[in-house]
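Reading the structure
Residues per chain, in single letters:
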Amino acid sequence: MNRDEQIGRIRDRSRPWDILVIGGGATGVGIAVDAASRGLDVVLIDSSDFGKGTSSRSTKLVHGGVRYLEHGNISLVMDALKERGILRENAPHLVRDLAFIVPSYEWWEAPFYGIGLRLYDLLAGRYGFGPSRNLSRDETLERIPTLKTEGLRGGVIYYDGQFDDARLLINLAQTAFEQGATLVNYCPAVALSRGADGFITGAIARDEEQGEEFEIRARSVVNATGPFADRVRRIADPGAVPLLAPSQGIHLVLDRSFLPGEDAIMVPHTTDGRVMFAIPWHGHTLVGTTDTPITEVSFEPRPLQEEIDFILDTASRYLHRPPGPRDILSAFAGIRPLVKEGEGKNTASLSRDHVIHFDQNGLLTIVGGKWTTYRSMAEDCVNHAVMLGSLDERPCGTRHLKIHGYHQNAVELGDLAVYGTDAIAIQALIRAHPELAGKLHPDLPYSAAEVVWAARDEMARTVEDALSRRTRALLLNARAAVEMAPRAAAMMAAELGRDRDWIAGQIESFTRLAEGYLPGRT
Ligand SMILES: Cc1cc2nc3c(=O)[nH]c(=O)nc-3n(C[C@H](O)[C@H](O)[C@H](O)COP(=O)(O)OP(=O)(O)OC[C@H]3O[C@@H](n4cnc5c(N)ncnc54)[C@H](O)[C@@H]3O)c2cc1C
């Protein structure tokens, strides 16, 4: 994926595209994959980097969502369980089965949660990841040795999926590109253009690198900007009634010693009635999340102190060694683009179903849903976009479409497993340039070759792109990521033809950004 070449394709285009997708998160990139694989002519622009929004800040679960069972939303759970199975089939290098243990400290918990989880198994049908069952106290401790032992009675084990969200997003962007889509990052839609009848006919986009603006005309314009969807709708119609009730969720990343095994912990009822997870992720422990209604959406939401305290407090109720503020290696926040349902509801109870909305000016907006269901959301959205633009009706082909990097036994690729088949190309790069083999930091598994690869083949344009979304250094250990920045900046400058000022500017802005991931440390 070469950015200059992609921008050139957009600039040189005189005919309208079939579909313009605004927003390069899971929703938008999923739509680009779907539309391109139907043979439609699709262009996607993102104002920042692909995945800069919520799609790189999730809990990283491919799941049906056990907690939605409690809300009685059976069809949402069934759809997500089916999509969970499809995603594991199409991207086995990225989705892995994960065992979750629900520890029980009260007599009623194991039978109560045991029944709910058996229903979850049943709803998965042939897409099941493994049967749930009750565990004895000894079995529970064998699997999670760091659990508090006092009062522990046993537990329930069930299975779901885990993935790397930003990596899947990049692989999906590559898949869309291979199917013929045109995608470009750092290119916001700054205005929407209209025809004589007042209907939206495209967007004015700005290439943030060259400062140049151009019009992109399309027969259907899809607003897939997640938490920013109302903002984009208001560009076209300042009076548009908001669709979203955004809510923030944060995660803390701790050392692996807090959860040294292979299994995750699921707490079905925190003191505020939510679900919380502690999950092994890339050799660390990921704990979250929260659900805090917010009024302003931003590209860099920050964890609130009360959210951090809440997660530390909840973890301390279950873990033998309570984590404290100084154990936090990184803290990151994401914004759920939840769909409003009247007034006064707390966001935790709002539906995670997606909604497709048409404004009278013809702008098609898709919001809500979740990462796990991105494929079925895309199918639904493209069906609507085809109708809107009177495009050729062709069947959706993503049910069996292998995602870029597809590899059935990626574990054999070691630290490069998440790249799937691309690992072979990265290994070849290292053989050709052995100086790129070294790790960029002793506490993280990332090699110099991965940064070069990100800039050369994955459209990484900044140090943040390389250290936050192509590798996950920033989210795993923000301090280590800052220490990696000077080398990463120098390597990227060599790849992208940038000068010393660019290097200095990148190091400075990345360091400032990373401070926000280290609450209480700076
Ligand atoms: C804390 C948290 C945990 C979650 N955990 C899970 C989970 O474990 N599993 C799961 O299935 N789901 C999970 N979700 C839900 C899932 O992450 C989201 O539903 C999904 O990522 C939303 O993707 P999106 O593409 O709609 O939005 P985003 O990822 O936010 O993408 C929107 C994009 O639009 C771009 N944009 C904005 N304005 C413009 C403009 N003017 N021009 C061009 N581009 C623009 C932004 O740069 C951004 O890249 C979680 C969500 C949160 C918040």
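You'll find the structure just up there.
Residues numbered from 1 in each chain as written. Predicted model: local features only at pLDDT ≥ 70, side-chain atom pairs only at ≥ 80, totals over all residues. Heavy atoms only, no water.

1. Side note on the site of the ligand
- Around the ligand, the structure places 37 residues, and the nearest of them are T27, D46, S55, L61 and T372.
- A distance of 3.5 Å separates a nitrogen atom of the ligand from a polar side-chain atom of H63.
- Within the side chain of T372, an N or O atom sits 2.6 Å from an oxygen atom of the ligand.
- Within the complex, the protein chains bury 95% of what would otherwise be the 1,000 Å² of accessible surface of the ligand. (Near = heavy atom within 4 Å. Polar contact = N/O pair within 3.5 Å; in protein donor to acceptor, adjacent residues only side chain to side chain. Areas by Shrake-Rupley, 256 points an atom, 1.4 Å probe, with all protein chains shown as cover.)

2. Section: the side chain of Q6
- The residue Q6 is located in helix 1 (residues 3-11) in this model.
- When its relative accessible area of 1% is taken as the criterion, Q6 is described as buried.
- Non-local contacts of Q6, meaning those with residues more than four positions away in its chain, are made with F177, A181, T182, L183 and M459. (Helix = DSSP H or I, 4+ residues; strand = E, 2+ residues; numbered from the N terminus. Buried < 20%, exposed > 50% of the residue type's maximum accessible area, 1.4 Å probe, protein only. Contact = heavy atoms within 4.5 Å.)

3. Quick look at the pairing of strand 16 (residues 330-336)
- With seven of seven residues buried, strand 16 is to be regarded as a mostly interior element.
- Residues S330, F332, G334 and R336 of strand 16 are buried on one face, and the alternating residues A331, A333 and I335, pointing to the opposite face, are buried as well.

4. Looking at the packing of helix 2 (residues 26-37) against helix 7 (residues 165-178)
- Where helix 2 meets helix 7, the closest approach of the two axes is 8 Å, and the angle between their N-to-C directions is 25°. For the element pair helix 2 / helix 7, the angle class is roughly parallel. Remark: the crossing between helix 2 and helix 7 carries left-handed chirality. Residue-level contacts link A26, V29, A32, V33 and A36 of helix 2 to L169, L172, A173, T175 and A176 of helix 7. (Axes fitted to C-alpha atoms, helices over the stretch in contact; angles between N-to-C directions. Parallel < 35°, antiparallel > 145°, perpendicular 65-115°, else oblique. Left-handed = near helix turned anticlockwise from the far one by under 90°.)

5. Let's talk about unusual backbone geometry
- Here the bond from G288 into T289 is cis, since omega is 15°, no more than 30 degrees from zero.
- Mapped onto the elements, T289 comes out in the loop between strand 14 (284-288) and strand 15 (292-293).
- Of note, the phi angle at K60 is positive, near 70°, even though the residue is not glycine.
- Secondary-structure assignment places K60 in the loop between strand 2 (42-45) and strand 3 (61-62).

6. Observations regarding helix 11 (residues 422-432)
- The complete set of buried residues in helix 11 reads D422, A423, I426 and L429. Buried residues of helix 11 fall within an arc of 115° about the axis and therefore sit on the same side. The exposed residues of helix 11 that point more than 90 degrees off its buried face are R431 and A432.
- Along its buried surface, helix 11 packs onto helix 7 and helix 12 (448-457). (Arc of directions from axis to C-beta.)

7. Some words on the pattern of salt bridges
- Under the counting rule described, the total for this entry stands at 39 salt bridges.
- Because the salt bridges share partners, they merge into one network encompassing D49, K52, R57, E300, R302, E464, D465, R469 and R470. (Salt bridge = Lys/Arg side-chain N within 4 Å of Asp/Glu carboxyl O.)

So, to be careful, I would describe these as geometric facts and stop short of saying anything about function.
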